[in-house]
Amino acid sequence: MIDKLNDPQREAVTLPPGHALVLAGAGSGKTRVLTTRMAWLIQTRQSSPLGILAVTFTNKAAREMLARISAIMPIDTRGMWIGTFHGLCNRLLRAHFRDAGLPQAFQILDTADQFAAIKRLLKANNIDDEKYPPRDVQRFINCAKEEGQRPGDVEAYDSFRRRMIEIYTLYEAQCQREGVVDFPELLLRAFELLSRNEPIRNHYQRRFRHILVDEFQDTNNLQYRWLTLLAGDGASVFAVGDDDQSIYAFRGANVGNMADFERDFARGAVIRLEQNYRSYGHILDAANALISHNTGRLGKNLWTEQGAGEQIRVVEQPTDFAEAQWIVDEIRSLVAEGRSRHEIAILYRSNAQSRVIEHALFSSAIPYKVYGGLRFFERQEIKHALAYLRLISNPDDDTSWVRVVNFPPRGIGARTIESLMDQARTYDTSLAASVARVPGKAGSNLAQFLVSISQMAEATRGLPLPELVEHVIEHSGLIAHYKLDKEGADRIENLNELVTAATVFAIEEHFDGLPAGESVQWVSSATDSMGDSLTPAENISPLASFLSHAALEAGDNQAQAGQQAVQLMTVHAAKGLEFDAVFITGMEEGLFPHENSVLEPSGLEEERRLMYVAITRARERLYFSLAQSRMLHGQTRYPMRSRFLSEVPDQHLKWLTPKQQVAFDGHGSEPRWAGASRASIPNRPSVAPRSPTTGVLVGSQHFRIGQGVSHGRFGEGTIIGLSGSGLEAQAQIQFRDAGTKTLALGIAKLDITHG
DNA sequence: GACGTTGTCCTTTTT
DNA sequence: GGACAACGTC
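Residue positions are given per chain, counting from 1 as you read along its sequence in written order. Going through the entries in the order they are written, you letter the chains from A and number the ligands from 1. With pLDDT at 70 or above as the cut-off, local features in this predicted model cover only qualifying residues; side-chain atom pairs require 80 or more to be listed or tallied, and sums for whole chains, interfaces and linings still use all residues. With hydrogens and water set aside, each side-chain value is computed from the structure's full complement of heavy atoms.

1. Focus on the UniProt feature "binding site: ATP" (unreviewed entry) in chain A
Put simply, the rule reads: UniProt positions are given in the numbering used here, feature names are shortened, and annotations may be inferred rather than shown by experiment. A helix here means a DSSP run of H or I that spans at least four residues, while a strand means a run of E at least two residues long, and both kinds are numbered starting from the N terminus. Classification of residues uses two cut-offs on accessible area relative to the type maximum, computed with a 1.4 Å probe and protein chains only: under 20% is buried, over 50% is exposed, and between them is partly exposed. Working rule for contacts: check all heavy atoms of both residues, and any pair within 4.5 Å makes them a contact.
UniProt marks Ala24, Gly25, Ala26, Gly27, Ser28, Gly29, Lys30 and Thr31 with the feature "binding site: ATP" (unreviewed entry), using the numbering shown here. With respect to the secondary-structure elements, Gly25 resides in the loop between β1 (20-24) and α2 (30-43). Gly25 gets classed as buried once you look at its relative accessible area, which sits at 3%. Every residue in contact with Gly25, bar those within four places of it in the chain, is listed here: Asp242, Gln245, Leu273, Lys300 and Leu302. When neighbours within four sequence positions are excluded, Gly27 is seen to be in contact with Gln275, Asn276, Tyr277 and Arg278.

Structure follows, in structure tokens:
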């Protein structure tokens, strides 16, 4: 088991009890170390499988860990606490719902549900949503919770914040009344449960002697405190992470947790995994050089035994369109050389960039997959179906009530809902409980809806989960509604898929055949090494369990089937993945690094880490591409080269288009390089500019070499070269202050000043 | 209550 | 450029 590991890996796996920090560089075998560590603890009888808690950030990582540990040793992983922070906290809260102050059938709001709940709250309380936009309120509440703060703990140093805190208080009351918890609440509740309830805390502290944490650099402050609380004085925390790959500060991750952990717990027990098994030397050295520009790193230098490999190919194109087209052409030749399409990835900083690339791929009939689209449980029709299911489980869930009270349409309009909300607010009850107080036709429509919900609840009593789901998608009217819709066929298919998902879930969770609405009480008969009973009774009905599952695991983010497809995704989405060939696109200031991040040093450093992640995805071949002009937000921009390009030493780069700007003399067919005396131009351009000309007509303007022009951003300049014609026409312009640029004349707005 | 028109805002994302 | 929300009209 451990003899296939390299020295630092083996050292990490076999560390004696005690806290430890493993700094695992990209491609250094991080997951392998984590899973082997668990297997080793079990095999050497230092722990039973049930004495281990392993926590990850994504369901995918948790699943992979489970799969790999089962592959190493044949143990029963059921009952093991391996999961995401949110999943484990949910489990904790389900088991101790009373002590946590929650109803048994509490439901989980995903980000969109929470947003809707906040909008509803602002409206019900007549709060000005111009001054307090729901987005900002949501961020305020979530940030507070992630710092472990209840409304009373947040500092109110001005009237604006005081009001925010009031809204936070109202929001908490609303959630409590409705029996729902949002994502950060799962963590905060679980944390409070452990910290306030000594018997429960003691129980879990005695049980979990080994806590393993994946992607430790992504933990937020509350997660850090949760871990240290759970560990208590006795457990060993084995934290694995890479500070250079911390790219989630924007959602509360605190890289500082790594340094804190080293200082406060892991003193001395720090192991670095620096041997990389993924990429060739040029790629790794480029990554190392780039990331060395960051300050305050824990320090790490990747190396490989694989040799230098190829340099990074760099390409500069006049437009984003040309950039995309060039990538498509290059992919064609990569495929012609025998590479698989699914081993080629195109990465971009922001999703908006994918459109042009998709267009180019589509026009060339190259199959591709875009990651990061809508997920199964986030689809409109699925959310609607889930809302009905939630109302059956808990009629006081107002978020679900509002979502489907008039869907499919049944004559309940905004005014009716408003008056219902008024009633609910006046009497401090849920919407469902206020129906009787709404008079007239509106009231009877509402009453009818209420009846149909309770009829569905009645009719499905005692039914197993899949049958229940099937009944509800039919009797809610969703199927009938989408049948009338011309584009409803896909939605109906998805609704049927929901029944399948319920079937699979019921089998996996051993709920098959059990009535979906009744709580399953099961007590694990196993005991841990100290003779403690392991788990208190789990209190959850198959239906409530399925609904948590739907909220906690929104389904695969992966696009359509089709193995042989080029992979398109953001750099964030690429973390943890690897490909033979990688294109990093849009290497431009404002885009990568993103303009919103460059003002703060910490923002810029995160962008640099993002670039580091991007570079280290490539095994063999890496491309940087950039465009001199780009359509963004409906405007053409003329970005400068990304500073990150100059942070990678020249020796690792191979420019396929000229690094220096080209200029044409206007005669002959051979381009002449500006500054031709410099020997540093490494290569002839593989994309030769079109035949040079002395003048071109673009629109109503006739451009000539030697003309003086002025440009909105670059200022005054002189045309020193022209090529192409019509839409392809480009000019090389020597600007007085902005250097030499190649601009597409059909796109750039130029005024002729003289000549 | 349904539909068409104008106006605003644009990173990154998992749970 | 495009998604989505808010407004105005039938």
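2. Regarding the protein's contact with DNA strand B
Operational definition: Throughout this document, a residue counts as near a molecule or strand when at least one of its heavy atoms sits within 4 Å of that molecule or strand. Any pair of N or O atoms that falls within 3.5 Å is considered a polar contact. Within protein, one atom must be able to donate a hydrogen and the other to accept it, and sequence-neighbouring residues count only if both atoms are side-chain atoms. When residues are grouped by polarity, Ala, Val, Leu, Ile, Met, Phe, Trp, Tyr, Cys and Pro land in nonpolar, Asp, Glu, Lys and Arg in charged, and all others, Gly among them, in polar.
Residues in close proximity to DNA strand B total 28 residues, the closest being Asn59, Thr111, Gly413, Thr570 and Ser597. Counting only atoms of DNA strand B within 4 Å of the protein, the fraction found in sugar and phosphate groups is 53%. Here Thr111 contributes a side-chain N or O atom positioned 2.5 Å from a base oxygen of DNA strand B. Classifying every residue of the surface near DNA strand B gives eight nonpolar, 16 polar and four charged.

3. Describing the protein's contact with DNA strand C
If you check the shell around DNA strand C, you find Met631, His633 and Gly634 and nothing else. Here, DNA strand C places atoms within 4 Å of the protein, and 10% of those atoms are sugar or phosphate. His633 is positioned with one of its backbone polar atoms (N or O) 3.1 Å from a base oxygen of DNA strand C.

4. Thoughts on the packing of helix α8 (residues 183-196) against helix α9 (residues 198-207)
Helices that pack against each other are described as a pair by the angle of their axes relative to one another and the distance between those axes. Put simply, the test is: Working convention: axes come from line fits to C-alpha atoms, limited for helices to the stretch in contact. Angles between N-to-C directions cover 0 to 180 degrees. Each angle gets one of four labels, with under 35 degrees taken as roughly parallel, over 145 as roughly antiparallel, 65 to 115 as roughly perpendicular, and the rest as oblique.
Viewed as axis vectors pointing N to C, α8 and α9 meet at an angle of 100 degrees, and their least axial separation amounts to 5 Å. Compared by their axis directions, α8 and α9 come out roughly perpendicular. For the pair α8 and α9, contact is made by Leu193, Leu194, Ser195 and Arg196 and by Glu198, Ile200, Arg201 and Tyr204, respectively. Here the contact of α8 with α9 is built from residues that sort into four nonpolar, one polar and three charged.

5. Some remarks on the pattern of salt bridges
Heads up, the rule is: For salt bridges, the criterion is a side-chain nitrogen of Lys or Arg within 4 Å of an Asp or Glu carboxyl oxygen.
Across all of its chains, the model carries 46 salt bridges by this definition. Where Arg196 meets Glu192, a salt bridge forms, and the shortest distance between an N and an O atom there is 3.8 Å. Residue Arg196 and its partner Glu192 are located together in helix α8, separated by four residues, close to a single helical turn. Owing to a relative accessible area of 66%, Arg196 belongs among the exposed residues under this scheme.

6. So, α8
Quick reminder of the rule: Expected span of a helix, by definition, is 1.5 Å for each gap between consecutive residues, and there is one gap fewer than residues.
Helix length check: α8 (14 residues) gives 20 Å between terminal C-alpha atoms against 20 Å at 1.5 Å per residue, within 8%. Most of α8 sits out of view: eleven of its 14 residues are buried. Buried within α8 we find Pro184, Glu185, Leu186, Leu187, Leu188, Arg189, Ala190, Phe191, Glu192, Leu193 and Leu194. By the N-cap criterion, in which a side-chain oxygen at the helix start approaches the backbone nitrogen of a residue two or three places on, α8 is capped by Asp182, the distance to Glu185 being 2.8 Å.

7. Considering the domain arrangement of chain A
Many structure descriptions define interface size as the accessible area lost when the parts assemble. Where we set the bar: Per the annotation, domain bounds derive from an automatic or database assignment of domains.
Per the domain assignment, the segments of chain A are domain 1 (7-98 + 187-275), domain 2 (107-178), domain 3 (312-375 + 559-655), domain 4 (378-508) and domain 5 (697-752). Computed from C-alpha atoms alone, the centre-to-centre distance between domain 2 and domain 3 is 37 Å.

8. Some details on the packing of aromatic side chains
What counts is decided by this rule: Planes of paired rings set the category: under 30 degrees apart is stacked, over 60 is edge-to-face and the rest tilted, where pairs are Phe, Tyr or Trp rings (Trp by its six-membered ring) whose centres lie within 6.5 Å. Over a ring means this: the NZ of a Lys or the CZ of an Arg is within 6 Å of the ring centre and within 35 degrees of the ring normal.
The tally for this structure, following the rule as stated, stands at 22 aromatic pairs. Aromatic pair Tyr204 and Phe208: ring centres 6.1 Å apart, planes at 15 degrees, arrangement stacked. Assigned by exposure class, Tyr204 and Phe208 land together as buried. Each residue in the set Phe376, Phe377, Phe505, Phe511 and Phe546 is aromatic and connected to the rest through ring pairs, giving one cluster. We note Arg94 situated over the ring of Phe106; from NZ or CZ to the ring centre the distance is 3.7 Å.

9. Examining the state of the cysteines
We count it as follows: The rule for a disulfide is simple: a pair of cysteine sulfur atoms within 2.5 Å.
Taken as a whole and judged by the stated rule, the model has zero disulfides. Looking at Cys143, it has no disulfide partner, and the nearest cysteine sulfur is the one in Cys175, 16 Å off.

10. Overview of the sheet that holds β1
In plain terms, the rule: The pairing criterion is simple: DSSP has to find at least two bridges between the two strands.
Strand order in this open sheet of six strands is β3-β2-β6-β7-β1-β8, and the pairing throughout is parallel. The sheet is open, and its two borders are formed by β3 (81-84) and β8 (270-273), each paired with just one other strand. With direction set aside, neighbouring strand axes in the sheet form an average angle of 15 degrees. Pairing of strand β2 (residues 52-56) with β3, which is carried by four bridges, proceeds in the parallel orientation. The residue bridging Val55 from the neighbouring strand is Gly83, located in β3. Against the sheet, α2 contacts β1, β2, β3, β6 (210-213), β7 (236-241) and β8, and its axis sits at roughly 170 degrees relative to β6.

11. Some details on the environment of Pro103
Checked against the element boundaries, Pro103 lands in the loop between α4 (85-95) and β4 (107-109). With 291 residues separating them in the primary sequence, Pro103 and Asn394 have C-alpha atoms 9.6 Å apart. Setting aside residues up to four positions removed in sequence, Pro103 forms contacts with Phe97 and Gly179.

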